[in-house]
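Examining the three-dimensional arrangement
Single-letter residue listing:
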Amino acid sequence: MSHAPCPLCGQSDTEPYHADALRSYHCCSRCGFVHVPSPFHLSAEAERGEYDRHHNAVGDPGYRRFLGRLATPLAERVPPPATGLDFGCGPGPALAAMLREAGYTVAVFDPFYAPQNAVLATGYDFITATEVVEHLARPGAELRRLVGLLRSGGRLGIMTKLVIDRERFSGWHYIRDPTHIGFFSRATFAWWAAAEGLGLEFVDDDVIFLRRLPA
Ligand SMILES: [Zn+2]
């Protein structure tokens, strides 16, 4: 008996998918999203403590290379100058700094480190969310809100590691992070993009672009 509705699509029927010493994981029979039920979520305080410990420096070349895997394909699709939002920028907004250097105008938002709600009210040519969606307790509502901030034709660039199958999931390092509570597969992104009427492109193993299609 499961009372863990899918936080992406809202479907009530989710199946136990995996369990480890600390948490259980449920998979949605409709969209395939895998989530950790809310009783296993960290408190906001404990969550912030984890982020404070994992601070990525703006100037760190390795981290910049990592972010470049999203920034480079973004520039091919939405060349500067253009206006964007880095959602979930974290304590050191490295991607925003890189994008500004490249000629973009970039606002930042983060529920812990940059909680200015005013930036969630304007139109953007692009929005980036790197290593963010796996932390969201309500990914369906949050992603829909972000897409709603895009101008027609605008792109939402997401970086998150994808579920391959159940066997790999059980040994996956990505689920060991207690702040990671939701996991997409390619099929889940395809389901969600179709349901929301969005364009979808996989540009790297863990880089996904959603596009708000012109009406
Ligand atoms: Zn679902």
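Structure shown above.
The following refers to the structure shown. (Residues numbered from 1 in each chain as written. Predicted model: local features only at pLDDT ≥ 70, side-chain atom pairs only at ≥ 80, totals over all residues. Heavy atoms only, no water.)

All right, on to the coordination of the zinc ion then. Protein coordination of the zinc ion is provided by C6 (SG), C9 (SG), C28 (SG) and C31 (SG), with donor distances spanning 2.3 Å. Geometry at the zinc ion is tetrahedral, judged from its four donor atoms and the angles of 102 to 119° they form at the metal. Site description for the zinc ion: donor spacing in sequence, C-x2-C-x18-C-x2-C. Of this pair, C6 sits in the segment before β1 (14–19) while C28 sits in strand β2 (residues 24–28), and the two are 22 residues apart along the sequence. Taken individually, C6 and C28 each receive the classification buried, so the pair is uniform in this respect. (Donors = N, O, S within 2.8 Å, 3.2 Å for Na, K, Ca; no water. Tetrahedral: all angles 85-135°; square planar, octahedral: opposite > 155°, others 65-115°. Helix = DSSP H or I, 4+ residues; strand = E, 2+ residues; numbered from the N terminus. Buried < 20%, exposed > 50% of the residue type's maximum accessible area, 1.4 Å probe, protein only.)

Our next topic: the side chain of T130. In this fold, T130 is placed in strand β6 (residues 124–130). With a relative accessible area of 9%, T130 lands in the buried category. Setting aside chain neighbours within four positions, we find T130 in contact with L67, L70, L95 and M159. (Contact = heavy atoms within 4.5 Å.)

Before going further, it helps to examine helix α3 (residues 94–101). Counting buried residues along α3, six of its eight residues qualify, which places the element largely inside the surrounding structure. Three or more residues of α3 are buried, namely A94, L95, A96, A97, M98 and L99. Where α3 is buried, its residues meet α2 (61–77), β4 (83–87), β5 (105–109) and β6. A positive backbone phi angle near 110° is found at G103, which sits one or two residues after α3.

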